[in-house]
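# Residue-level structural notes
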Amino acid sequence: MKSLQVISILLVIILACLPMVIEKDSTINLLILIFLYIILASSWNILGGYTGQTSLGHAAFFGLGALATRLLWIGGFPILPGILAGGLLAVIFALLIGAPAFRLKGVYFAIGTLALAEILNVTVGNLFPEIASLPVDDLVAYQLTPRYYLFLGLAVVVVGATYILVNSRLGLGMMAVREEEDAAESLGVSALRHKLLALGVSAFFTGLAGGGFAYYHVSYYFQFPFSPGWSLDMLTMVYIGGQGTILGPVIGAVFFVALRQYLALNLGEYHLIVFGVLFILVVLFLPGGIVSIWKKFQDAITRRSKLVPVKNTPDKESR
Amino acid sequence: MTEAVIQNLVFGILLGALYGLAAVGIALVFGVTKFLNVAHGELLMFGGYATFWLFNLFDLDPFLSLPLTIVFLLLIGVVLYYLLFVRMVKLSEEDKIKNTMLIGFGLTLILQNIALNLWTADDRGVTTSYAGEAFTLWGVRFPYVRVAGLVISLVCLFALQLFLKRTYTGKAIRATVEDWEAASLVGIDVQKVYLLSFLLGTALAGVAGTLVLVSFSVNPAMGLHWTLKSLIVMVLGGVGNFMGTFVGGILLGATESATAYFISGNYRQVVGLVLFLLILIFRPQGLFGAKEK
C-alpha cells in the first residue's frame, strides 16, 4: 500500500505539471473530462459502493451544484465560493430527501431516486428553459488552465477523502450497513445515520463536480446536468472499475472516458452499441470490476508460490 | 367547461390503458423472475418499429400485423433470455435484481442505438385510412384507434388473467411467484416458468409498442420514458396484482391529464412522479396490493 501511495503522489505531481508542457487544448479537455468523471464515480461509490445504496438519482446533485454555481457566477459572485455553494445546496437537498428515501430498500431506493431526479429534471427544464451562456466579460477571460487545476484538485480531494473515510470508524460502519443492515444495527451501528452520512458526503462532492461543470462549460441548457444519463454513467463507471474500492472508480472513469472517446472516433455511430456490449460483458464475467483482475492475478500467483514449496519439500527443509 | 374536463379525462384514461399494458409486462417479469428489465421501454419501442416496418414495407394494417409483431418480439425475447438473463436465474434475489438492472442499462444503450441506426432519430408514426376518425358520445370525442388501444389492452389483460387462473402452466407461474423453492419441490419446472414469463412480458411490450405507434409515434429515445412509466405504475398498483397494475396505469393517465388541464402541461410528468414517490414511501405494497406478513 505504501508504494501505491508514492505512485499516486508522483502521478498527481506529473499531472500538475502537464499544462506547462502540453500545448494542445484537446488533450487538456480530455484530461478535464477524465477528472470530472473520476470525481463523479468516486462520489457515487461512497454511497453506492461502500454503503450499498444504489442511487439512480445522482444527476440531481450534479445538476443542483451546476445550477447554483452558474446562477451565482453569472450574478457576479466569485467562482470558488460559488462552487462551494453548489456543493452545499446538493447536501441540503440530499439531507431533505434522505430520511424518506431511505425508507425504501434495494431496488425501490434505486427507482425512487431515479423518479426524484426526474422530478427535478423536468421542473428545472420548465423553470429555466433557456441556455446558460456566459456574459461576454467571462467569455473573454475564459482560460483552460484554472479549470484544469480545479478539476485535478477536486479529484485528488475526493479520492483522498474516500480513502480517509473508509479507513475510519464511520467508513467501517458504512460497510457494515452494506453487508448486513440488521447485524450492524444489533451492534449499535445506526444504519440510517451512516446512510445519511454517506449520502451527504456523496452529494457534496457530486455537487462540487456540478459546480466545476458550470465553471467549465461555456454554454449548456440548465437542464442538461440533470439528465438521467449522468446517474447511469456514474453507476456504469463504478461497476466497470470495481465498486467498494478506492481505485475502482478511478480506473473505471479513465477506462470509461478513454474507451468512449476511442470508440466514438473509430466506430462512429456504432460506438455506443459496442460500449453497451462491453458493459454487459463486465457485468456478466467480471462482477468485481477491472480491479478484481489484479486481485485474481495476485491470488493466482500466491497460490502458485504456496504450491512450489510443497512440491520441493526436501529443498525447503535443507535450507 | 365540463365537456372539456370529461374529454381530457377520457384521453387520460385511453393513454393510461397503454401505461397499464406496458406496466403489466414489466410487472409480470419482475413478479415471477425478479428480473428488473429496465430495457422494457426499448422492447416496447421495437414493437412499435416492427409494426412501422410492416406497415411501410408490406402495407400491412397495424392491427392486423399484431401477431407478426408479437412473433418478432418473442424472437428478441428468446435471444435475450438465453444470451443474458438465463445466467441470472441462480443468483440470490438481491443480486438478481441488481444484475438484471445493470444488464438492462447496457441493453438500453444497445437497443437505442440500433434503432437510431435503423430508423434515424425522427419520430415515426403510421397513417392509416381511419387514423383521424372518431365517434362522438355526449359531445366527447373517442378516436377509433385509441379506443381500439383500450380494447386490445383489456383483451390482453383478461387473456392473461384467464391463462394464469385456469391453465396448469398459469397456475405453475403463480406458484412460482409465491415461492419458487416450494414450486420446484412439487415438480414445477421453474426454469421453464421463468422463460415463459419473460417471453410473455416481451410480447406484452410488443403489443403496447404497436398501440403507442398507432396512437402517437415512436422514436429511439422513448425507452426510458416508458420504462419509468411502467415502473411507476407497477409500484402504484402493487407487485403481483396485474389487475391492480392495470388500474394503476389508468389512474396515472387520468392524473396526468388532470394536471395538464388544471395546472400546466409542463408538469404532467412531475405530478405522476410525486404521486409515485408518496405511494412508494407511505404504501410500499401499492394501492391495491395486500400487505405482506
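Residues numbered from 1 in each chain as written. Chains lettered and ligands numbered in written order. Predicted model: local features only at pLDDT ≥ 70, side-chain atom pairs only at ≥ 80, totals over all residues. Heavy atoms only, no water.

## Observations regarding the overall build of chain A
Secondary structure summary: chain A contains 15 helices and two strands in total. Whereas a compact globule of 319 residues would reach a radius of gyration of roughly 20 Å, chain A reaches 21 Å, a difference of no more than 12%. Reported as C-alpha extents along the three principal axes, the dimensions of chain A are approximately 80 × 55 × 40 Å. Residue burial in chain A is summarised as follows: out of 319 residues, 49% are buried. Counting only contacts in chain A whose residues sit at least 6 apart along the sequence, the fraction spanning at least 24 positions is 80%. For chain A, the accessible area works out to roughly 15300 Å², and carbon and sulfur atoms hold 69% of it. Put simply, chain A has 19 plus and 16 minus side-chain charges, and the middle of one group is 11 Å from the middle of the other. (Helix = DSSP H or I, 4+ residues; strand = E, 2+ residues; numbered from the N terminus. Rg over C-alpha atoms; globule rule 2.2 N^0.38 Å. Buried < 20%, exposed > 50% of the residue type's maximum accessible area, 1.4 Å probe, protein only. Contact = heavy atoms within 4.5 Å. Areas by Shrake-Rupley, 256 points an atom, 1.4 Å probe, with all protein chains shown as cover. Lys, Arg positive; Asp, Glu negative; His and termini not counted. Charge placed at Lys NZ, Arg CZ, Asp CG, Glu CD.)

## With respect to helix H9 (residues 223-237) of chain B
Residue and element names in this part refer to chain B. In a regular helix each residue adds 1.5 Å, so 15 residues correspond to 21 Å; H9 covers 21 Å between its end C-alpha atoms and thus fits that length. Burial of H9 is extensive: 13 of the 15 residues sit out of reach of the surface. Gly 238 sits one or two residues past H9 and shows a positive phi near 95 degrees. (Expected span 1.5 Å × (residues − 1).)

## Describing the interface of chain A and chain B
Contacts between the two partners involve 35 residues from chain A and, on the opposite side, 34 residues from chain B. Note on chain A versus chain B: buried area summed over both sides is about 3200 Å², and carbon and sulfur give 81% of it. Three residues stand out in chain A for area buried against chain B, namely A:Tyr108, A:Ile111 and A:Ile280, and they jointly supply 17% of the buried area on that side. For the pair chain A and chain B, the number of links is zero salt bridges. Remark: the boundary between chain A and chain B carries one residue pair in polar contact (both at pLDDT 80 or more). Of all the secondary structure elements, the ones that give two or more residues to the side of chain A that touches chain B are helix H5 (106-127), helix H11 (229-241) and helix H13 (271-285) of chain A. No other element matches the 14 residues that H5(A) contributes to the side of chain A that touches chain B. (Buried area = accessible area lost by both parts, 1.4 Å probe. Salt bridge = Lys/Arg side-chain N within 4 Å of Asp/Glu carboxyl O. Polar contact = N/O pair within 3.5 Å; in protein donor to acceptor, adjacent residues only side chain to side chain.)

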